[in-house]
Amino acid sequence: MNEIKMLNLKGQYEKIKEEVDVAVKKVMDSSAFINGPQVADFGKHLAEFTGAGYVITCGNGTDALQIALMALGLEKGDEVIVPAFTYVSSAEVIALLGYTPVMVDVDPATFEVSLEHIMAAYTKRTKAIIPVHLFGQNCDMEPIMQFARSHGLYVIEDAAQSIGSEYIFSDGKRRQSGTMGDVGCTSFFPTKNLGCYGDGGAMFTNDPDLAARLKMIANHGQKQKYHHSVIGCNSRLDTIQAAVLDVKLRHLGEYCMERRAAADYYTACIKEWDPDCRFAETPVVKGNTTHVFHQYTLKIKNGQRDGLKKYLNDNGIAAMIYYPLPLNRQKAFEGIAVEGEQLYNAAALAKSVLSLPVDTEITRDMQDVVLKGIFDYFETGK
Ligand SMILES: *Cc1c(COP(=O)(O)O)cnc(C)c1O
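Counting of residues starts from 1 at the beginning of each chain's written sequence and follows it residue by residue. Totals for whole chains, interfaces and linings use all residues, but because this is a predicted model, local features are given only for residues with pLDDT of at least 70 and pairs of side-chain atoms are given and counted only at 80 or more. Side-chain descriptors were evaluated using all non-hydrogen atoms of the structure, hydrogens and water having been removed beforehand.

Side note on the state of the cysteines
Right, so step 1: For the purposes of this analysis, a disulfide is any pair of cysteine sulfur atoms at a distance within 2.5 Å. All told, the structure shown has 0 disulfides when counted by the stated rule.
Right, so step 2: C256 takes part in no disulfide bond, and the closest cysteine sulfur to it belongs to C196, at a distance of 16 Å.
Right, so step 3: Here C277 stays free of any disulfide, with the sulfur of C269 as its closest cysteine sulfur at 15 Å.

Observations concerning the environment of T62
Right, so step 1: Runs of H or I in DSSP of at least four residues are treated as helices and runs of E of at least two as strands, each being numbered from the N terminus. Looking at the secondary structure, you find T62 in helix α3 (residues 61-71).
Right, so step 2: With a relative accessible area of 26%, T62 lands in the partly exposed category.
Right, so step 3: Expressed as a C-alpha distance, the spacing of T62 and D158, which sit 96 residues apart in the sequence, is 9.5 Å.
Right, so step 4: The contact rule is simple, with two residues in contact once any of their heavy atoms fall within 4.5 Å. Among all residues touching T62, those that are not within four sequence positions of it are S89, E92 and V93. Burial here depends on accessible area, computed with a 1.4 Å probe over protein chains only, as a share of the maximum for the residue type. Under 20% is buried, over 50% is exposed, and the range in between is partly exposed.

Here we look at the sheet that holds strand β2 (residues 79-83)
Right, so step 1: A sheet is described by the order of its strands in space; here 8 strands give the open sequence β1-β9-β8-β5-β4-β2-β3-β14, paired in mixed fashion. The open sheet has two free edges, formed respectively by β1 (54-58) and β14 (338-339), since each of these has just one partner strand.
Right, so step 2: In the sheet, β2 pairs with strand β4 (residues 126-129) via 3 bridges, with the strands oriented parallel. Across the sheet, residue I81 finds its bridge partner in β4, namely I129.
Right, so step 3: Only the contacting stretch of a helix is used when fitting its axis, a line to C-alpha atoms as for every element, and angles between N-to-C directions run 0 to 180 degrees. Against the sheet, α3 makes contact with β1, β2, β5 (154-158), β8 (183-187) and β9 (201-205), and its axis sits at roughly 165° relative to β8, the strand it touches most.
Right, so step 4: Contacts from helix α6 (residues 141-150) reach β4 and β5, with the element oriented near 150° to β5. Strand pairing is assigned whenever DSSP identifies at least 2 bridges connecting the two strands.

Thoughts on the pattern of salt bridges
Right, so step 1: Each reported salt bridge corresponds to a side-chain nitrogen of Lys or Arg within 4 Å of a carboxyl oxygen of Asp or Glu. Throughout the structure, instances matching the rule amount to 16 salt bridges.
Right, so step 2: Here E14 ties to K10 by a salt bridge, and the two come within 2.8 Å at their closest N and O atoms. Of this pair, E14 and K10 are both found in helix α1 (residues 9-30), 4 residues apart, which corresponds to roughly one turn of the helix.
Right, so step 3: Among the residues examined, K10 registers a relative accessible area of 57% and is labelled exposed.
Right, so step 4: Between R305 and D306 there is a salt bridge, with the nearest N and O atoms lying 2.7 Å from each other.

Digging into the sheet that holds strand β12 (residues 280-281)
Right, so step 1: One open sheet accounts for 3 strands, arranged β12-β13-β15; its pairing is antiparallel. The sheet terminates laterally at β12 and β15 (353-356), the two strands that pair on one side only.
Right, so step 2: In terms of strand pairing, β12 meets strand β13 (residues 296-300) through 2 bridges, oriented antiparallel. Residue pairing across strands places A280 opposite I300, the latter belonging to β13.
Right, so step 3: Its contacts with the sheet put helix α10 (residues 305-314) on β13 and β15, and the angle it makes with β15 is roughly 25°.

A closer look at the domain arrangement of the protein
One widely used convention gives an interface's size as the accessible area the parts lose upon coming together.
Right, so step 1: If you check the domain split of the protein, you get domain 1 (9-104 + 113-249) and domain 2 (252-379).
Right, so step 2: Annotation comment: domain bounds sourced from an automatic or database domain assignment. If you average the C-alpha positions of domain 1 and of domain 2, the two centres end up 25 Å apart.
Right, so step 3: Facing the 44 residues of domain 1 at the interface are 37 residues of domain 2.
Right, so step 4: By buried area we mean the combined loss of accessible area, with a 1.4 Å probe, across both parts when two parts are placed together. Across the interface of domain 1 and domain 2, roughly 3400 Å² is buried in total on both sides, 58% from carbon and sulfur atoms.
Right, so step 5: On the domain 1 side of the interface with domain 2, the three residues burying the most area are F85, M103 and F135, jointly 23% of the side's total.
Right, so step 6: Linking domain 1 with domain 2 are 1 salt bridge, by the criterion used here.
Right, so step 7: Counted as a polar contact is a pair of N or O atoms within 3.5 Å, where, for protein atoms, one must be capable of donating a hydrogen and the other of accepting one, and residues adjacent in sequence contribute only when both atoms are in side chains. Counting across the domain 1 and domain 2 interface gives 25 residue pairs in polar contact (both at pLDDT 80 or more).
Right, so step 8: Contributions of two or more residues to the side of domain 1 that touches domain 2 are made by α1, α4 (89-96), β3 (100-104), α5 (115-121), β6 (166-168) and α8 (239-249).
Right, so step 9: Per-element accounting of the side of domain 1 that touches domain 2 gives the leading share, 5 residues, to β3.
Right, so step 10: Of the residues assigned to the side of domain 1 that touches domain 2, the class counts are 23 nonpolar, 14 polar and 7 charged. Residues are grouped as follows: Ala, Val, Leu, Ile, Met, Phe, Trp, Tyr, Cys and Pro are nonpolar; Asp, Glu, Lys and Arg are charged; every other residue, Gly included, is polar.

In structure tokens:
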């Protein structure tokens, strides 16, 4: 039986094995496992790639979000607006620091938070917004930034899934995901579009003072060794991971294109088979952002999602639900999070979304197997 996984990290490694192995061996030979020169080199190259004024690397994407929030100096009980339809990290860090996560709904077409939902939840206690560029395309940042600026709110972009995606402002200016808010946060978890071989993360900012604070907080609140001016944490990108990332960053442009090509193929085939969207809706690609397809996510109609998923999985085809339970329904947030509005779309999406295998290694033949699985499920009336 054909086994089609969500992604093939081994296949991707094999293509760049020589470059990676040389880079890792160099770290091993130098034994500079913490803060070796590769960490700064990668940070510099990532700043060049993204156009961010400052890049501060750290231990993982969740730490990046936490450190970003810590750097803003909010007070207990301050409200931070975050979508309910996202990975837990985006909201977890708000609660962890004693702030109030105010959960809002997302646009049912793009899965992302828009200004309309932010405005519905805005109160006098709102201090920050965390737009999540879910599945690989940017939220509509221009109106969000305008609103934030006119209301004195901080914006922390969760760009864990969107590195390499560009947003196009109405004046034609293009900015990389994560470089538009006060701080942008990303993750190098192995399955992310720029993944290392363990944990890693980074923060982007254009503000030199904020950059200094982020750096200090990530390093035990110290600027000078053993002199701690604020409470911080210990969050570092390992030298080995930085060495791996520096190699992979050189391939990120082609990785984005490969994912996009695979996504376009799925969409073309599904639309041809189901032009009236009777069974499934393909992802909406907005005009003012590029999409890097961290996930290729369908909306399955008529309550068929779970049946289709089971059928595919039983036939050796991976398909995953991101995310099965909106954060406002999670036990952990009971009594902590506030619902900034009715969260209808998040609830409906949790019941209808299905993500198909998409990565840099998937072939059209493999995609045909996935597609045949979908078509068979609906056509044989299972
Ligand atoms: C992966 C992810 C994170 C967290 O990154 P880690 O490196 O796993 O801590 C945060 N937000 C979103 C949307 C993510 O997908």
